[in-house]
Each structure stands twice: as C-alpha cells, then as structure tokens.
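# Structure at a glance
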Amino acid sequence: MADTTIDFQEWTSHHVRRFRRRLLHWFSAHRRDLPWRKDRNPYAIWISEIMLQQTQVATVIPYFERFLARFPDVHALAQATEEDVLQVWAGLGYYRRARQLHTAAKQLVAQTNGRFPQRVDQLQQLPGIGRYTAAAIASQAFDVPAGILEANTQRVYARLLALEGDPRRGLAQRILWQFAERLHAVGEGKAGELNQGLMELGSLICSPTSPACTRCPVADQCSAQRNGDAAAYGTFSRRPRVTELHHAALLIRRGNRWLMRQNDAHQWWTGLWDFPRIELPAELATAAGRSSPSVKGRHQPLPADVAAKLQELAHASYTLSCRPHHLVGRLTHSVTRFRIRLQCIVAEGHRIRLAHLPGQWKWVEPSAHSLPFTSTARRITQQILT
Ligand code: SF4
C-alpha cells in the first residue's frame, strides 16, 4: 500500500459541497422506502443496522418488522428473556448479534433509563456497536456529522478517489475513514441523509462488478470513472475457500417428543436448540451416505459398521446411549466459510436421563414448542419429521 497515490487536494470545501448537493438531491428522488427510515428513532435505526450486518435488505425487512412488533422499544427488549430474543431472531443467523443487542439494551436501561447517547464514542461503549454502527446511529438519529465506512461506502469512496488495492486493509482503510469524515467537514447538516445517500449510491448505482456510471449523480467528480475502468477499483481480495464438513443429527423420539439440546457457549448457534449433532469423519460420512434416505417411502437401514461407529461417537460426544439405525434425510447448509452436509439419522434411545447429560436437554414436541430452534432444526421438523 506504500505506493498508493491519493490526491485529496481536489476535495476542497467547494468540491465537497458540490458533491453533497448532487448526492442529496439524487437521494431525495431515489431513496427506497424502508421501514427503519420512517422516522429518526435511534432504537429502530440501531436494530436495523445490526440486522443489516451480513444480511441483505430484502431478508431483513420482515425480521425487522417482527422484532419491532415484539420489542417496540429499548425497555421492552431489556425486559425480554434471551430465549425470547433468540426466538424472534431465529433464521437471521449470526446469533451473537441478537445476544449483544439484548445485553446493550439492558445496559442502556440501567445506565441512562433507555436514552441513547448521541456521541459516536459513547455509542461505541455499547456491546456490538463499532465505529460504523455508532456513526450510522449518531448521524441518522441525531444528525451528528460522522463519517461511515461499510461495504457499499468503501467501494464508492475507493472509486471516487481511484484508490488502488484492497479497500478493507491497512493504509487504505485509514485513508477511506479520513475521506468519510471529510465529506462531513463542511458543516452543512443533513449528516444522516448524506450517509444514507452514500450507501444507497453504492447499493443501487455503484455496484461491485458493473457500476452504472452513466446514471451516477456524481460521475464527473469520480476519478475511477475518469480513468475509464471504474469496476477495477474498490474490489476485494478473494474470499477464503469453502471447507466442507460432515455432521449427523440424531433424531431420538419419546412418544410425540424429540430429544433436543441447547448449544453451549463454545458452539455455533449458542443458546439455540438443535437435535444432538456429531461431527463425522469423512470416511464415515461416505459410508453412511451409501444408504438411500428412502426407497418407495421406506427408510433404509444404516450399514451395521456405520451404526456401531455412530453409537460410539454419540457416547463420546454426549455420554448419550442410543442405537442409530436409519438415515431419513440429508440437508446442506453453510456457516461462515464452512459448508455442512448434515445426515439426519433416527436412533433409539436407551434409558436417557436428561439430568445426566452434559448441558441443557429437553424432550420437545416440535409443533407445540416455544424454544428458539436453529434453522436446520426447523428444517428437520418441517421437512423430515412431518
Ligand atoms: S461514477 Fe461510477 S464508479 Fe464513480 S461513484 Fe459513480 S457509479 Fe461509482
């Protein structure tokens, strides 16, 4: 990055004012009607910003509306149980976000009776709120002139400046944060509108692979566009390679209820309920996969050697005594850079005493449950156990 050449000189107060005027004008005509833009409620803005981390706008909208209906303000969220919060969040993924929201709500109520601080550094004291989220809340709710940098804006800024290299790293990040602040340095207000306009520009016009420069309101102030190859700037280095894992979910029944466990603090989906899972060595996954999940509606038995090995693994993982016998379905799902192939295996339990198993366990009737399930547990109950 040492050879990156940046000319900030062009961005004089006059140049910044012109840029802001055009962007704000464009944003007022093209802004999407999103539920968290209805007013300047810091609570709603905070929830939306946390949900939008790692998740697309279209996916977030129904979750946001359900969350606000269930927890309309920070007091309601602080008073909820963690299970209630996780249940409303279930399906959105990255559950640490929900737990941090809940902790931060309790902290806010305890410290300020639920009032949001207005300064970026104060907001950053709350769990789960980094520099970007703090600046987004402060600017949109309180019109604090604070620059933002997230996936869309870093691409836009990198192109405006024709900044070479990966905009997420080292010196490039520092330059882009400085640039984000510079856009607010002329002191003309409308900080929230400006930040939303910048993100909207990145989302609707300045897309990662095919920026629509001919429709861009600030094209004549954009160095990448002038260089004639806008898409070459603001791009990321390659994502890490996907790693494949094999798991088995053990489906153990008692009457109309199924054995489930709550994932503990060292596991993915902490706090959510799942069927007991075991990680399979690749050769065992291949051997189990030789069974067909169903032939003419009849489930196929597992090979004896596979069943015996699964029995050992269930005991080693959870001290769980059971006899796995049939493969009844397969699911594939992804977590961060892992793709998990999940084999769903019915097993017969032997004298299972929940109190003797490590962690939290329950016999659950899926149709009557009020527990937060993992999304795969929901898929199993909806697609395989019905
Ligand atoms: S001119 Fe093109 S590259 Fe530059 S900000 Fe607009 S859309 Fe992005």
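Residues numbered from 1 in each chain as written. Predicted model: local features only at pLDDT ≥ 70, side-chain atom pairs only at ≥ 80, totals over all residues. Heavy atoms only, no water.

### Here we look at the site of the ligand
Near the ligand the following residues occur: Arg159, Ile205, Cys206, Pro211, Cys213, Cys216, Ala219, Cys222, Gln225 and Ala230. Tallied by class, the residues present in the shell around the ligand amount to eight nonpolar, one polar and one charged. (Near = heavy atom within 4 Å. Nonpolar A, V, L, I, M, F, W, Y, C, P; charged D, E, K, R; others polar.)

### Quick notes on the domain arrangement of the protein chain
We note that the domain assignment places domain 1 (13–232) and domain 2 (243–384) within the protein chain. A C-alpha centroid distance of 39 Å is found between domain 1 and domain 2. Across the contact, eight residues belong to domain 1 and 14 residues belong to domain 2. Taken over both partners, the interface formed by domain 1 and domain 2 buries close to 800 Å², and the fraction arising from carbon and sulfur atoms is 58%. Summed over the three residues of domain 1 that lose the most area to domain 2, namely Glu83, Gln87 and Tyr95, the buried surface amounts to 55% of that side. In this structure, the connection of domain 1 to domain 2 is made through zero salt bridges. Counting across the domain 1 and domain 2 interface gives two residue pairs in polar contact (both at pLDDT 80 or more). Sort the elements by how many residues they give to the side of domain 1 that touches domain 2 and helix α5 (residues 82–89) lands first, with three residues. (Domains from an automatic or database assignment. Contact = heavy atoms within 4.5 Å. Buried area = accessible area lost by both parts, 1.4 Å probe. Salt bridge = Lys/Arg side-chain N within 4 Å of Asp/Glu carboxyl O. Polar contact = N/O pair within 3.5 Å; in protein donor to acceptor, adjacent residues only side chain to side chain. Helix = DSSP H or I, 4+ residues; strand = E, 2+ residues; numbered from the N terminus.)

### Here we look at helix α14 (residues 304–318)
End to end, α14 covers 21 Å across 15 residues, agreeing with the expected 21 Å (1.5 Å per residue, within 8%). Listed in full, the buried residues belonging to α14 are Val306, Ala307, Leu310, Leu313, Ala314 and Tyr318. Taken down its axis, α14 places every buried residue within 125 degrees of arc, on the same side. Seen from the open side of α14, the exposed residues pointing more than 90 degrees away from its buried face are Ala304, Asp305, Glu312 and Ala316. (Expected span 1.5 Å × (residues − 1). Buried < 20%, exposed > 50% of the residue type's maximum accessible area, 1.4 Å probe, protein only. Arc of directions from axis to C-beta.)

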